Amino acid sequence: MLCPKCKKEMIVVERDRLELDWCPFCKGFWFDHREWEILCQKLYMTRDVAPVDIYSVPKINVNEETRICPICNEKTEKFQIYGVTLDRCKNKHGIWFDKGEISELLNKSQRKTQGENSINFMGEIFFK
């Protein structure tokens, strides 16, 4: 699968039912829709922190480069959770996180999540 940002081949990173596509060049992650739901469950993220159904969040217009969905090759749309602007496939294939956006989202939502558990889980997924 090609990276939505730099168009280079991504690799699969697998841990605890999550099989994410990761770009070793730009360090971004592609979450398929089901993987986002699993992540929310693992991090005890409730609807007031980050909605499991990210397609219920209104899209926004921002002056940022659009990405291309690696599944359907159509332009993604922007949306925000906790002030973090993310890209999602409008055909519901998944979400793109640029380098640092996962950490930013966790840091901004940490007050309402089980903070230490979230950080430990993320470390296990992405750094082991």
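The rules we used
- Here the residue numbering is sequential within each chain, running from 1 through the sequence in written order.
- The predicted origin of the model limits local features to residues at a pLDDT of at least 70 and limits the giving and counting of side-chain atom pairs to 80 or more, whereas totals for whole chains, interfaces and linings rest on all residues.
- Side-chain measures were taken over the full set of non-hydrogen atoms in the model, leaving aside hydrogen atoms and water.
- Working definition: helices are DSSP H or I runs of at least four residues, strands are E runs of at least two. Numbering for both runs from the N terminus.
- When accessible area is computed with a 1.4 Å probe and restricted to protein chains, residues below 20% of their type maximum are described as buried, those above 50% as exposed, and intermediate ones as partly exposed.
- Whether two residues are in contact is decided by their heavy atoms, any of which lying within 4.5 Å being enough.
- Throughout, the Shrake-Rupley method with a 1.4 Å probe supplies accessible areas, and for residues the shown protein chains are the sole cover considered.
- Pairing between strands requires that DSSP locate at least two bridges from one strand to the other.
- An axis is simply a line fitted to the C-alpha atoms; with a helix, the fit covers only the stretch in contact. Between two such axes, the angle follows the N-to-C directions and lies from 0 to 180 degrees.
- When charges are counted, Lys and Arg contribute as positive and Asp and Glu as negative, whereas His and the chain ends are disregarded.
- Salt bridge, as used here, is a side-chain nitrogen of Lys or Arg placed within 4 Å of a carboxyl oxygen of Asp or Glu.
- Grouping buried Ala, Val, Leu, Ile, Met, Phe, Trp, Tyr and Cys residues that are joined through side-chain atoms within 4.5 Å yields what is termed a nonpolar core.

Draft legend 1. Looking closely at the overall build of the protein chain. A count of helices and strands for the protein chain gives three helices and six strands. Ordered by position in the sequence, the α and β elements of the protein chain form the string β-β-β-α-β-β-β-α-α. In the protein chain, which comprises 128 residues, the share counted as buried stands at 45%. Considering only contacts in the protein chain between residues 6 or more positions apart, those separated by 24 or more positions represent 45%. Looking at the protein chain as shown, the accessible area adds up to about 7100 Å², and 47% of this sits on carbon and sulfur atoms.

Draft legend 2. Spotlight on the sheet that holds strand S6 (residues 94-97). Pairing in this open sheet of six strands is antiparallel, and the strands run S1-S2-S3-S6-S5-S4 from one edge to the other. Bordering the open sheet on either side are strand S1 (11-15) and strand S4 (76-81), each of which pairs with just one other strand. Averaged over neighbouring strand pairs, the angle between their axes works out to 30° when direction is ignored. One ladder, built from six bridges, connects S4 with strand S5 (residues 84-89); its direction is antiparallel. By the bridge assignment, glutamine 80 is partnered in S5 with threonine 85.

Draft legend 3. Quick peek at the side chain of aspartate 21. Mapped onto the fold, aspartate 21 is located in strand S2 (residues 18-22). The side chain of aspartate 21 is buried and forms no salt bridge, while arginine 34, the nearest opposite charge, is found at 14 Å. If we skip the residues at most four places from it in the chain, aspartate 21 touches Met1, Met10, Ile11, Val12, Gly28, Phe29 and Trp30.

Draft legend 4. View of the nonpolar core. Phe31, Trp36, Ile54, Phe79, Ile95, Trp96 and Phe97 are the most contacted members of the largest nonpolar core, which totals 28 residues. Only S2, strand S3 (29-32), helix H1 (33-42), S4, S5, S6 and helix H2 (101-109) provide two or more residues apiece to this core.

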